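# An overview of the molecular structure
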Amino acid sequence: MEKGCPSQETKARLFIEARKYADILAIFNRMDQEGYLAMLQPVIENILRRESEYTIQELRKYQHSCSPAEQFDTIDHFVNNSQIFKKNLVLITNLISIFFFCYTYD
C-alpha cells in the first residue's frame, strides 16, 4: 500500500460515515412539505434572538466594568459566545429527540 493512502477498511468506514448525511436533503424536504420547518423556524429564531440580546447585555455589563486600559473585543466575544450557544443548542436538541424517541417507541 502507498504511504498516505487510506486502507480499504478505512475507506469503507468513511463511506459509511458519509452515507449518514446523504439523507439530509430528503429529510429536510419532507420536513418542509409536512410544515415542520414553518413551525420550527419562529421558535429557533426566537431562541437565537433572545440569546443574542442576553449575550450583548452581559458583554456590555462586563465591558463597562473593565478599566479603560483593558482591551475588550465585544464582537469577538459575542461571536465566540454565540458559537458555543449554538453548539449547546444542537446538543440539547439531540438530547430531547433521544428522550422522545426512547419514550415514543417504548
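Just so we're clear, the structure is a prediction, and the values are computed from it rather than from any experiment.

### Topic: the overall build of the protein
Helices and strands together make up the secondary structure of the protein, namely four helices and zero strands. Against the 2.2 N^0.38 benchmark of 13 Å for 106 residues, the protein shows a C-alpha radius of gyration of 21 Å, more extended than a compact globule. If you line up the protein on its principal axes, its C-alpha atoms span 60 × 50 × 25 Å. Evaluated residue by residue, the protein yields a buried proportion of 7% over its 106 residues. Taken as a whole, the protein presents about 9600 Å² of accessible surface, with 61% of it coming from carbon and sulfur. Considering the protein, the positive charge centre built from 12 side chains and the negative charge centre built from 14 side chains are found 3 Å apart.

### Some thoughts on the confidence of the model for the protein
When the pLDDT values of the protein are averaged, the result is 87; 93% of them are 70 or greater. Mean pLDDT values for the elements of the protein range from 82 in helix H1 (residues 8-19) up to 94 in helix H3 (residues 36-65).

### Some thoughts on the packing of helix H2 (residues 24-33) against H3
Direction vectors running N to C along H2 and H3 enclose 90°, while the axes themselves pass 5 Å from each other. Considering their axes alone, H2 and H3 lie roughly perpendicular with respect to each other. Residues Phe 28, Met 31 and Asp 32 of H2 pack against Tyr 36, Leu 37 and Leu 40 of H3. Classifying every residue of the contact of H2 with H3 by side-chain character gives five nonpolar, no polar and one charged.

### Here we look at the side chain of Ser 82
In this fold, Ser 82 is placed in helix H4 (residues 74-104). Taking relative accessible area as the criterion, Ser 82 reaches 16% and is therefore assigned buried. From its side chain, Ser 82 meets the backbone oxygen of Phe 78 in a polar contact 2.8 Å long.

### Observations concerning the packing of aromatic side chains
Following the criterion strictly, the structure yields two aromatic pairs and no others. Centroid distance Tyr 62 to Phe 72: 5.0 Å. Interplanar angle 55°. Geometry classified as tilted. One end of the pair, Tyr 62, is in helix H3; the other, Phe 72, is in the loop between H3 and H4, and 10 residues separate them in sequence. Judged by relative accessible area, Tyr 62 falls into the partly exposed class, the value being 45%.

Reading the values: rules and limits
- Residues numbered from 1 in each chain as written.
- Predicted model: local features only at pLDDT ≥ 70, side-chain atom pairs only at ≥ 80, totals over all residues.
- Heavy atoms only, no water.
- Helix = DSSP H or I, 4+ residues; strand = E, 2+ residues; numbered from the N terminus.
- Rg over C-alpha atoms; globule rule 2.2 N^0.38 Å.
- Buried < 20%, exposed > 50% of the residue type's maximum accessible area, 1.4 Å probe, protein only.
- Areas by Shrake-Rupley, 256 points an atom, 1.4 Å probe, with all protein chains shown as cover.
- Lys, Arg positive; Asp, Glu negative; His and termini not counted.
- Charge placed at Lys NZ, Arg CZ, Asp CG, Glu CD.
- pLDDT = per-residue confidence, 0-100.
- Axes fitted to C-alpha atoms, helices over the stretch in contact; angles between N-to-C directions.
- Parallel < 35°, antiparallel > 145°, perpendicular 65-115°, else oblique.
- Contact = heavy atoms within 4.5 Å.
- Nonpolar A, V, L, I, M, F, W, Y, C, P; charged D, E, K, R; others polar.
- Polar contact = N/O pair within 3.5 Å; in protein donor to acceptor, adjacent residues only side chain to side chain.
- Phe/Tyr/Trp six-rings, centres within 6.5 Å; stacked < 30°, edge-to-face > 60°.

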